[in-house]
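Summary of the model geometry
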Amino acid sequence: MRLQIVSSKNAASFYVVKSIYENGKRSSKVVEKLGTYADLHKKLNGEDPVEWANKYVEELNKKEKEEKREVLVKYSPTKLIKKDEQRSFKGGYLFLQKIYHELGIHKICKKISQRYKFDFDLDSILSRLIYGRVIFPSSKLATNKLSKKFIEQPNFNLHQIYRALVYLAKETDFIQSSLYENSLKVSKRNTGILYYDCTNYFFEIEQEDGLKQYGIAKDHKPNPIVQMGLFMDGDGIPLAFSINRGNMNEQLTLKPLEKKILSDFELSKFIVCTDAGLASEANRKFNDKDGRAFITTQSIKKLKKHLKEWALATDGWRLSGSEKTYDISKLDEMIDKADDAVKAKIRAKVFYKERWIKENGFEQKLIVTYSIKYRDYQRKIRNSQIERAQKTIDTNPTKLKKCRQNDYKRFIHKTNCTPDGEVAANEIYRIDTALIQKEEVFDGFYGVCTNLEDDATEIIKVNHRRWEIEECFRIMKNEFKARPVHLSNDDRIEAHFITCFISLIIYRLLEKRLKEEFTCHEIISELREMDFKEIKGEGYEPLYTRTDFTDALHEAFGFRTDYQIVTTTMMKKIFKSTKS
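In short, a report on the structure. Every value quoted in this text rests on a predicted model; they were computed, and no experiment measured them. Throughout, residues of each chain are indexed from 1 in the direction in which the sequence is written. Where totals are concerned, whole chains, interfaces and linings use all residues; where local detail is concerned, this predicted model gives features only for residues with pLDDT of at least 70, and gives and counts side-chain atom pairs only at 80 or more. As a convention, hydrogens and water are excluded, and side-chain values are obtained from all of the structure's heavy atoms.

**Some thoughts on the nonpolar core**
- We call a set of buried residues a nonpolar core when its members are Ala, Val, Leu, Ile, Met, Phe, Trp, Tyr or Cys and they connect through side-chain atoms within 4.5 Å of each other. Working definition: with a 1.4 Å probe on protein chains only, accessible area under 20% of the residue-type maximum means buried, over 50% means exposed, and in between means partly exposed. Core analysis: the largest hydrophobic core is formed by 100 residues, its most contacted members being Phe497, Ile502 and Leu527.
- A helix here means a DSSP run of H or I that spans at least four residues, while a strand means a run of E at least two residues long, and both kinds are numbered starting from the N terminus. Here this core takes 13 residues from helix 18 (residues 490-513), the largest share from any one element.
- Not counting chain neighbours up to four residues away, the residues in contact with Leu527 comprise Gly92, Phe95, Leu96, Ile135, Leu510, Phe549 and Leu553.
- Ala311, Leu331, Phe351 and Ile357 belong to the second largest nonpolar core, which has 20 residues in total. We call two residues in contact whenever any of their non-hydrogen atoms come within 4.5 Å of each other.

**Brief notes about the sheet that holds strand 4 (residues 88-90)**
- Overall, antiparallel pairing links the four strands, which are arranged 4-17-18-19 in an open sheet. On the outer flanks of this sheet lie strand 4 and strand 19 (566-567), each paired with one strand and no other. Two strands are counted as paired when DSSP detects at least two bridges linking them.

**What to know about a nonpolar patch on the surface**
- The residues that make up patches have over 30% relative accessible area and no salt bridge, and they are joined within 9 Å when like-charged or within 5 Å when they are Val, Leu, Ile, Met, Phe, Trp or Tyr. Where accessible areas are quoted, they stem from the Shrake-Rupley method and a 1.4 Å probe; at the residue level, only the protein chains shown are allowed to cover. Salt bridges are identified by distance alone: a Lys or Arg side-chain nitrogen within 4 Å of an Asp or Glu carboxyl oxygen. Judged by side-chain polarity, Tyr374, Tyr377 and Ile381 come together as a nonpolar surface patch covering roughly 290 Å² of accessible area.
- Looking at the element boundaries, Ile381 is found in helix 14 (residues 372-395).
- In this structure Ile381 comes out as partly exposed when scored by relative accessible area, which is 39%.

**Some remarks on the packing of aromatic side chains**
- Ring pairs shown here join Phe, Tyr and Trp side chains whose ring centres sit within 6.5 Å, with only the six-membered ring taken for Trp; geometry is labelled stacked below 30 degrees between planes, edge-to-face above 60, and tilted in between. In this structure the tally under the stated criterion is 27 aromatic pairs.
- On the basis of an interplanar angle of 15° and a centroid distance of 5.3 Å, the ring pair of Trp52 and Tyr56 is categorised as stacked. Of this pair, Trp52 and Tyr56 both sit in helix 2 (residues 49-65), four residues apart, which is roughly one turn of the helix.
- Owing to a relative accessible area of 23%, Trp52 belongs among the partly exposed residues under this scheme.
- Ring pairs connect the aromatic residues Tyr93, Tyr100, Tyr131 and Phe150, which therefore count as one cluster.
- Charges are assigned to positions over rings by a cutoff of 6 Å between ring centre and Lys NZ or Arg CZ, combined with an angular limit of 35 degrees from the ring normal. Over the ring of Trp310 we find Lys353, and its NZ or CZ is 5.3 Å from the ring centre.

**Focus on the pattern of salt bridges**
- Evaluated as defined, the whole model comprises 36 salt bridges.
- Among the salt bridges present, the one from Asp531 reaches Lys90, with a minimum N-O distance of 3.1 Å. Here Asp531 is found in strand 17 (residues 531-535), whereas its partner Lys90 is found in strand 4, with 441 residues between them in sequence. The exposure classification of Asp531 matches that of Lys90, with both residues buried.
- The network of salt bridges with common partners includes Arg379, Arg382, Arg410, Glu439 and Asp443.

**Let's talk about the side chain of Lys98**
- Tracing the sequence through the fold places Lys98 in helix 3 (residues 93-102).
- Charge assignment: positive for Lys and Arg, negative for Asp and Glu; neither His nor the chain ends contribute. Summary of buried charges: Lys98 has no salt-bridge partner, and the nearest side chain of opposite charge, Glu102, is 4.2 Å away.
- Two N or O atoms form a polar contact when they lie within 3.5 Å of each other; inside protein one atom must be a possible hydrogen donor and the other a possible acceptor, and for residues adjacent in sequence the pair counts only when both atoms belong to side chains. Side-chain polar atoms of Lys98 contact the backbone oxygen of Ser577, separated by 2.9 Å.
- Setting aside its immediate chain neighbours within four residues, Lys98 contacts Arg513, Phe557, Ser577, Thr578 and Ser580.

**Side note on helix 7 (residues 158-170)**
- Listed in full, the buried residues belonging to helix 7 are Gln160, Ile161, Ala164, Leu165, Tyr167, Leu168 and Ala169.
- On the buried face of helix 7, the contacting elements are helix 4 (105-116), helix 5 (122-135), helix 6 (140-146), helix 8 (172-186) and helix 18.

**A short note on the pairing of strand 18 (residues 539-542)**
- Looking at chain direction, strand 17 and strand 18 are connected through four bridges and run antiparallel. Of the residues in strand 18, the one forming a bridge with Lys533 is Glu541.
- In this antiparallel pair of consecutive strands, strand 17 and strand 18, the connection spans three residues, and Gly537 shows a positive phi of 80°.
- Note that strand 18 and strand 19 share two bridges and pair antiparallel. Residue Gly539 lies in a different strand from strand 19, and its bridge partner there is Thr567.

**Here we look at the environment of Leu179**
- With respect to the helices and strands, the residue Leu179 is situated in helix 8.
- On the basis of relative accessibility, which here comes to 2%, the residue Leu179 falls in the buried class.
- Leu179 sits 76 residues away from Leu103 along the chain, and the two C-alpha atoms are 6.6 Å apart.
- Once residues lying within four places of it in the same chain are set aside, the contact partners of Leu179 are Leu103, Ile105, Ile108, Phe501, Ile502 and Ile505.

**Re the pairing of strand 6 (residues 225-233)**
- Buried residues dominate strand 6, accounting for nine of its nine residues.
- Sheet analysis places strand 5 (residues 193-202) next to strand 6, joined by nine bridges and oriented antiparallel. When the sheet's bridge partners are listed, Asp197 is paired in strand 6 with Leu230.
- Judged from the seven bridges that link them, strand 6 and strand 7 (residues 238-245) form a sheet pairing that is antiparallel. Across the sheet, Leu230 pairs through a bridge with Phe241, a residue of strand 7.
- The hairpin formed by strand 6 and strand 7 contains four residues between the paired strands, and Gly236 there has a positive phi angle of roughly 90°.

**Here's the deal with the state of the cysteines**
- Cysteine sulfurs are considered disulfide-paired once they come within 2.5 Å of each other. Under the criterion given, the structure shown has zero disulfides.
- Lacking any disulfide linkage, Cys273 is separated from the closest cysteine sulfur, that of Cys449, by 12 Å.
- No disulfide involves Cys500; its sulfur sits 12 Å from the nearest other cysteine sulfur, which is in Cys472.

**Here we look at the environment of Phe150**
- Tracing the chain through its elements places Phe150 in the loop between helix 6 and helix 7.
- Residue classification places Phe150 among the buried residues on the basis of a relative accessible area of 1%.
- Residues contacting Phe150, with those up to four places away along its chain left out, are Phe89, Lys90, Tyr93, Arg128, Tyr131 and Phe136.

**Overview of a negative patch on the surface**
- Taken as the charge location is NZ of Lys, CZ of Arg, CG of Asp or CD of Glu. Together, Glu363, Glu453, Asp454 and Asp455 give the surface a local cluster of negative charge.
- Inspection of the secondary structure assignment puts Glu363 in strand 13 (residues 362-370).

Right under this line is the structure:
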């Protein structure tokens, strides 16, 4: 800032001005009007106005350097705002940018750029695709427009985004292995336990082609799909993924991706935890060698007769840390006699039994658990389905068609005979009580198979965390809006999912940094609301509400954006901090 004295015929006016740059052009801005020479001379009781003004400007510069100068902004109710001038900017991406650079993704982009020698900025494109996917999930066209609302402006065009997708697809394996290596510098990775699961994503088209094939869709959409296989580490951070044809048997997707982890990630000894649908005998045997192990859920219904009888028998059950055995058929009687505090404890206990089984020369341990709480949960769900089934019978039986395995309609039995055995004039619908009784037998039971000799309760704990990989899929589908996919070429489809995968890693690390104290909805919605108004030549005024979340966010990342004004100098320091 400097002093400017403007002389006219009648007076000399004193101004504090500073140089600002807009669109690369230098101009001056009046920071404060100090008054005329005569007014200042009178006010200062004879002190030289020029000497005083120079000292005042010097003090302002000192305060600005120390970031203590108060900013005065003047508005006029008679002046229109400039046409086509952007005044509001998004700033929530800055916290994602910090993790993005800590993971060295900008360096990965640089290596890919050097390999192919293209002329666009891959780092700028990929970072904006990721920030947009987390905060404002939308199409590539919309993301291109959105990136211009970030405080730091992009330096690419829409056609360059689509060109970049081709190279991202080619380098999917390199990106994943590099990400894992770089992540070890950011956070300790629990690779002793790996969780694997599959899901699929649908396309709003009808024609099969390439990866897009008709298959069994998780969300029952009658559209072509692609499959995603995902490995997650023991702390809930995604590790690796693959995209496969929609009509591929998901049991066949595990080994190829696991082999990539063994070779590219240089991991060798770990436990693979899956659900029953992915636990083919071939997959179990694959992880029963070279120091690897498996834990997988086991359907009690599908056990052989003698094992099913053993699993459902009421005697021989134990609790962790005790050799005493229990008869679970007496638990309800114990609950009836107990007070409320004891009732809650009994309901929360998980009983278990275990035995080694050998089939086709392959030995594994079968662990079965039983919980009153889980039993009551299953019954609550079933009773709700039975109510829906009865309502359908009473109000709209024409709605009944072929039902899915866990559909409430499975409880509806259709017959052409009356209770007396005579042929009915119309079809008769009733609740299938026999099926209900058959299902109730398995309420509260849960099975797990493993080749580990570890304590059963520890194995149960490991298996329990499988819900986190299901949550990863839910976040990608619902929060990141990874479906439906609006791309057609296979390479662009793979690139779409690599951006979703990286976004998920960054989001999970953000959760960890916030000590998992906030929900996914809270995190994303509040990042989305972090808008700033630019005050030309001064800085940025936060327009969002300061909350417990924003306080935790700033504390976790070591910089603040919630001052009454974030000066241009402060914002430059934040940019530097997020890219270090």
